[in-house]
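# Structural characterization, general
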Amino acid sequence: MSSMSNSEFPPVRKAVIPVAGLGTRFLPATKATPKEMLPVVDKPAIQYVVEEAVAAGLTDVLMVTGRNKRPLEDHFDRVDGLEAALQAKGDQEKLQLIRESSELADIHFVRQGDPLGLGHAVLKGEQHVGEEPFAVLLGDDLIDERSPVLPDMIAGYDRTGGSVIALMEVPHESISMYGCAAVQETEVDGLVRVTDLVEKPDPADAPSNLAVIGRYVLSPEIFPLLHRTEPGRGDEIQLTDALKAQARGDGHGVYGVLFTGERYDTGDKFSYIKAVIQLASRRDDLGEELRTWLKEFVAGLED
Ligand code: G1P
């Protein structure tokens, strides 16, 4: 699929990133620091996500925030004192590093207010997004920049005008941690039609082993559906439930792009540690040293 098209639908230009979560799985680190600011190697997790949106051409970014999220706003802003100090030292390299995040995108913030679920967070973007398609990126999922999925999802929207979700095959017993989709082939390679969705099903009831990962391209049809979505799993307003209504309704429907690239999960401690090691071991500046050390370390464990 190509991401350029002469689509009859309006272009996808905006990204919504829900960041209001409390991050209780990382306490005490997240007592006074948002979990999105935890470093993955040397960049806060949220910066990878914003960079991914920008790389897909989405330079208008709305963050749906909550209390204690000020550091996020500061991270994407200029810091005069620090810049002046680095300038005085002539440290162009670090100056460039700290300016990158403030020059990346046009970032807006809105507060979620009550934490009523992902569907509710997305609804908070309605006014900013308007009658346009938009992407939603969840901060716990990092997608390797060498295997991006958003461009194919945007191409899927351009072709169909429907919402497009990213799907990944997971082991059967893990499906209860994700939204799960039933799908049908389409005539387009790599694009499936979603016929049903369930949020975090018991493996015994799951219609497939296709998990929804934290990337969505949503058509504006989703907003009226979200308004009508009652609290579901966990007593929260689930985006999955609104998408299910869209998949079964008579609008433009819901499609899925099969993701087979590299994804890092920073949502809990164990997967966060794995993400840091995987990303660091692939870096030009750290990788070789880390890989050598890891082999020695693992050999030591085996002894
Ligand atoms: C959310 C969605 C779920 C999706 C997951 C992807 O769940 O509700 O459908 O599979 O993100 O990471 P959460 O992990 O926020 O509970």
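Throughout what follows, the structure given in this document is the object of discussion. (Residues numbered from 1 in each chain as written. Predicted model: local features only at pLDDT ≥ 70, side-chain atom pairs only at ≥ 80, totals over all residues. Heavy atoms only, no water.)

## Section: unusual backbone geometry
Our working definition: Segments assigned H or I by DSSP are reported as helices when at least four residues long, segments assigned E as strands when at least two residues long, and all are numbered from the N terminus. The classification of residues rests on relative accessible area computed with a 1.4 Å probe and restricted to protein chains. Under 20% of the type maximum is buried, over 50% is exposed, and intermediate values are partly exposed.
Cis geometry is adopted by the peptide bond preceding Pro 28, which originates at Leu 27 and carries an omega value of 5°. Here Pro 28 lies in the loop between strand 1 (14-18) and strand 2 (39-40). In this structure, Asn 68 is a non-glycine residue whose phi angle is positive, near 65°. Turning to its location among the elements, Asn 68 is positioned in the loop between strand 4 (60-65) and helix 2 (70-75). Phi is positive for Asp 235, which is not a glycine, with a value near 60°. For Asp 235, the position within the fold is in the loop between helix 8 (222-228) and helix 9 (239-248). Look at Asp 235 and you get exposed, because its relative accessible area is 62%.

## Focus: the nonpolar core
Just so we agree on the cut-off: Put simply, a nonpolar core is a bunch of buried Ala, Val, Leu, Ile, Met, Phe, Trp, Tyr and Cys residues held in one set by side-chain atoms that sit within 4.5 Å of each other. Any two residues whose heavy atoms approach within 4.5 Å at even a single point are treated as in contact.
Within the largest apolar cluster, 52 residues are counted, with the highest numbers of intra-cluster contacts made by Ile 17, Ile 46, Val 50, Met 63 and Val 217. When residues of this core are assigned to their parent elements, the largest contribution, 6 residues, is made by helix 1 (residues 45-55). Once you skip the residues sitting within four places of it in the chain, Ile 46 turns out to touch Ile 17, Val 19, Glu 36, Met 37, Met 63, Leu 72 and Phe 76. Within the second largest apolar cluster, 29 residues are counted, among which are Val 192, Val 194, Val 212 and Leu 218.

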